[in-house]
Amino acid sequence: MKKQEELFLEFLARKRLKNTSQRMIILKAFLRQNSHLSTEDFYLQLRKKHPGIGYATVHRTLKLFAECGIAAEHNFGDGQMRFEVCHDNEHHDHLVCTGCGRIIEFENQQIEQLQLDVARTHKFFIKSHRLELYGLCSDCVATEQQ
Ligand SMILES: [Zn+2]
Ligand SMILES: [Zn+2]
């Protein structure tokens, strides 16, 4: 069993929530994703194989994943909540294209270090952070210049 699966089962037990077969189907499908999925996208994808799973169930389950810490929840300003799988010791930030909605992931150790320096200066302990830069991707810049 994957670590995230175990974490989720522990979480359900702690919350006294049932480990339903629908939740397990959603969990397994979610853990196979490697993008920033909106509830809508994910629901449409699931529905092909599992027509019995409703939108509300998908939405609530994604929220539980986020609460449990196996999913990161993002609002990139396009009116959709997006979810991605969290992996151990892995952190990345995002460039968000407001033209086409493309999301580019990046990691920059200097930025990470600078954040720690800023926190230290303010005697602040960082528990988590999110950094999102908004603008146009190279394709959209090229289209705009035509
Ligand atoms: Zn773009
Ligand atoms: Zn990401």
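Calculation rules
- Residues numbered from 1 in each chain as written.
- Chains lettered and ligands numbered in written order.
- Predicted model: local features only at pLDDT ≥ 70, side-chain atom pairs only at ≥ 80, totals over all residues.
- Heavy atoms only, no water.
- Domains from an automatic or database assignment.
- Buried area = accessible area lost by both parts, 1.4 Å probe.
- Salt bridge = Lys/Arg side-chain N within 4 Å of Asp/Glu carboxyl O.
- Donors = N, O, S within 2.8 Å, 3.2 Å for Na, K, Ca; no water.
- Tetrahedral: all angles 85-135°; square planar, octahedral: opposite > 155°, others 65-115°.
- Phe/Tyr/Trp six-rings, centres within 6.5 Å; stacked < 30°, edge-to-face > 60°.
- Helix = DSSP H or I, 4+ residues; strand = E, 2+ residues; numbered from the N terminus.
- Buried < 20%, exposed > 50% of the residue type's maximum accessible area, 1.4 Å probe, protein only.

A word on the domain arrangement of the chain
Note: interface size is frequently given as the accessible area lost on complex formation between the parts.
Then comes step 1: Split by domain assignment, the chain resolves into domain 1 (3-85) and domain 2 (93-144).
Then comes step 2: Summarising the inter-unit geometry, the C-alpha centres of domain 1 and domain 2 are found 24 Å apart.
Then comes step 3: Per-residue buried area on domain 1 facing domain 2 is highest for His36, His74 and Phe76; these three make up 71% of the total on that side.
Then comes step 4: The interface formed by domain 1 and domain 2 holds zero salt bridges in total.

Regarding the coordination of the zinc ion (ligand 1)
Think of it this way: four donors in a tetrahedron around the metal ideally sit 109.5 degrees apart, and six in an octahedron ideally sit 90 or 180 degrees apart.
Then comes step 1: Cys97 (SG), Cys100 (SG), Cys137 (SG) and Cys140 (SG) make up the full set of protein donors to the zinc ion (ligand 1), lying at 2.3 Å.
Then comes step 2: Each of the four donor atoms bound to the zinc ion (ligand 1) contributes to angles spanning 104 to 112 degrees, and the resulting shape is tetrahedral.

Focus: the packing of aromatic side chains
In this description, an aromatic ring pair is defined by two values, namely the gap between the centres and the angle between the planes.
Then comes step 1: Inspection of every chain in the model, using the stated rule, returns five aromatic pairs.
Then comes step 2: Between Phe8 and Phe11, the aromatic rings sit 6.1 Å apart at their centres with planes inclined by 20 degrees, giving stacked as the arrangement. Of this pair, Phe8 and Phe11 both sit in helix H1 (residues 3-14), separated by three residues, roughly a single helical turn. For the pair Phe8 and Phe11, a shared accessibility class is recorded, and that class is buried.
Then comes step 3: Ring pairing ties together the aromatic residues Phe8, Phe11, Phe30, Phe42 and Phe65, which thus form one cluster.

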